[in-house]
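Architecture and fold: a report
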Amino acid sequence: MLSKQELSNTSSLSPDYISQQVKQAILIVYGLDHPVPDSLADSALMSGFGFNDYQWIELAFSLTKIIRNYNPDQSVTAPDLENLVTVRDCIDLVIQKSGI
Amino acid sequence: MKRLWGILCIMVCCTGELSAQKAAGFKGWFINNVKIANSMRTLDLSEQPAQLQLTFPRYQAHSYLVNMGIAVILNNNTTLNYISDLNVEYHRNTLTDAEQNNFSAGYGFKWRFANAGAADYFMAGDLQYLYNELNATNSLGGTFLLTLFRDGKRLNWNTNNFRLNNRLLFNLAPFAGFQMQEILKSRQNGMAGFILRPEFSINTSLAFCKKAGPPYDKLLAIFCNYTGRDDAINTTSFKEHYTQLLHTGINYYLAYSPFEVSIGASFNDGSDPLNGRTQQQYWQVSVNFLK
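**So, the overall build of chain B**
For chain B, the helix and strand inventory stands at 2 helices and 15 strands. Here chain B, with 291 residues, has 50% of them falling under the buried criterion. Residue pairs in contact within chain B that sit at least 24 positions apart in sequence constitute 55% of those at least 6 positions apart. Carbon and sulfur atoms make up 63% of the accessible area of chain B, which totals about 13,700 Å².

Here you go:
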């Protein structure tokens, strides 16, 4: 979980901050109740999480929430999910749709 | 045996046909959009591995077991609360006294229809054409079940629960709903008719994981899936009453990528009328592949 200290140290418009948010969203959907974004490598394969369909839908909702903080008209659609091979792909998708 | 290979070829070809439209980025598309497992049935959400087993020497004309389903996930541009797939599956077991020989093809979906703060609510369902070779029965079937999803809490549903510094995880997945089957034609007199079965299922698993992660690779997993159903409405001449299916066992994991490979032992007891599985009880040791 991002602490208040970390939040105040990071610009909410920076790709690094979005990267932390995305990793946190992935880890929460994975089931961790105290996720540590830094513990998740950008290169980690999404297939390694073994997500079922419910988890994919929930992840799409979580990523959409992050995007809408910056760009209320955008969302993650089902076709977007097919290109998410690594964690980095998720981060890039959110940055691209956020328009940062 | 020729028919068996024919059906398996059709399953692979159906997948290839749909995948041909997605030549670009095929690896990523395949990883995320094609599922191969024991079954794509709505109830089998713990995704048991596909199985293919032959026994030697053969004491009977046929001695093999096939439990395999292939699904291609369909995309939808307009919503993100709905995932659907086209699937085919084949189940044949000549290794037990009660043979099974069942083919099905159809459409499956998961729909997130409500959010109530503490949890999200889903409907999982499928519509199938089914053919049971043993009594030449043609059916249309449908299953509609409700379940819930919760994450980020001490007790999660339909996702992992981690304990002991993330070395131990367990899953809880409850389902409740009903199953419909319209038997159109059968070799057996009195078999045709409509059946409505209220049903529930509880899927659980407990796994010990490697220290490195996330994601955490499983080392050893114990699972237990139980389904109960009753033919509340049955216009055929064959009453089923309460039927149940218990599938429990243990898996030891050998590899994780690109396929999850495990060796396992399981105990199976019960029946699954929709899939042409009559009452049987057996132990099974197998090498499993899950994609």
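**Focus on the packing of aromatic side chains**
According to the stated counting rule, one finds 16 aromatic pairs over all chains in the structure shown. Relative to A:Phe51, the ring of A:Tyr30 has its centre 6.5 Å away and its plane inclined at 50 degrees; by these criteria the two rings are tilted. Separated by 21 residues along the polypeptide, A:Tyr30 in helix α2 (residues 15-30) and A:Phe51 in the loop between α2 and α3 (53-68) bring together distant segments of the chain. For A:Tyr30, a relative accessible area of 2% puts it in the buried group. Of the aromatic side chains, those joined through ring pairs into one cluster are A:Tyr30, A:Phe49, A:Phe51, A:Trp56, B:Phe162 and B:Tyr216. Geometry around A:Phe61 places B:Arg112 over its ring, the cationic atom sitting 3.6 Å from the centre.

**Examining the environment of B:Ala114**
Residue and element names in this part refer to chain B. Take Ala-114: it is sitting in strand β5 (residues 100-115). Its relative accessible area of 27% is what places Ala-114 among the partly exposed residues. Separated by 33 residues in the primary sequence, Ala-114 and Asn-81 have C-alpha atoms spaced 9.7 Å apart.

**Overview of α2(A)**
Here α2(A) contains 16 residues, and its C-alpha end-to-end distance of 22 Å stays within 8% of the 22 Å for a straight helix at 1.5 Å per residue. The buried count for α2(A) comes to 13 of 16 residues, which makes it a mostly enclosed element.

**Quick notes on the packing of α3(A) against helix α5 (residues 87-98) of chain A**
All names here are of chain A. The N-to-C vectors of α3 and α5 enclose an angle of 40 degrees; their axes lie 9 Å apart at closest approach. As α3 packs across α5, the resulting crossing turns out to be right-handed. Contacts between α3 and α5 involve Leu-63, Ile-66 and Ile-67 on the former and, on the latter, Val-94, Lys-97 and Ser-98. Partitioned by chemical class, the residues of the contact of α3 with α5 number 4 nonpolar, 1 polar and 1 charged.

**What about the side chain of A:Asp33?**
Residues and elements named next belong to chain A. Along the chain, the position of Asp-33 falls in the loop between α2 and α3. A residue is classified by how much of its surface remains accessible, and Asp-33, at 18% relative accessible area, is buried. A distance of 3.4 Å separates the side chain of Asp-33 from the side chain of His-34, its partner in a polar contact.

Rules used in this analysis
Residues numbered from 1 in each chain as written. Chains lettered and ligands numbered in written order. Predicted model: local features only at pLDDT ≥ 70, side-chain atom pairs only at ≥ 80, totals over all residues. Heavy atoms only, no water. Helix = DSSP H or I, 4+ residues; strand = E, 2+ residues; numbered from the N terminus. Buried < 20%, exposed > 50% of the residue type's maximum accessible area, 1.4 Å probe, protein only. Contact = heavy atoms within 4.5 Å. Areas by Shrake-Rupley, 256 points an atom, 1.4 Å probe, with all protein chains shown as cover. Phe/Tyr/Trp six-rings, centres within 6.5 Å; stacked < 30°, edge-to-face > 60°. Lys NZ or Arg CZ within 6 Å of the ring centre and 35° of its normal. Expected span 1.5 Å × (residues − 1). Axes fitted to C-alpha atoms, helices over the stretch in contact; angles between N-to-C directions. Left-handed = near helix turned anticlockwise from the far one by under 90°. Nonpolar A, V, L, I, M, F, W, Y, C, P; charged D, E, K, R; others polar. Polar contact = N/O pair within 3.5 Å; in protein donor to acceptor, adjacent residues only side chain to side chain.

Read these as spatial facts, not as claims about activity.
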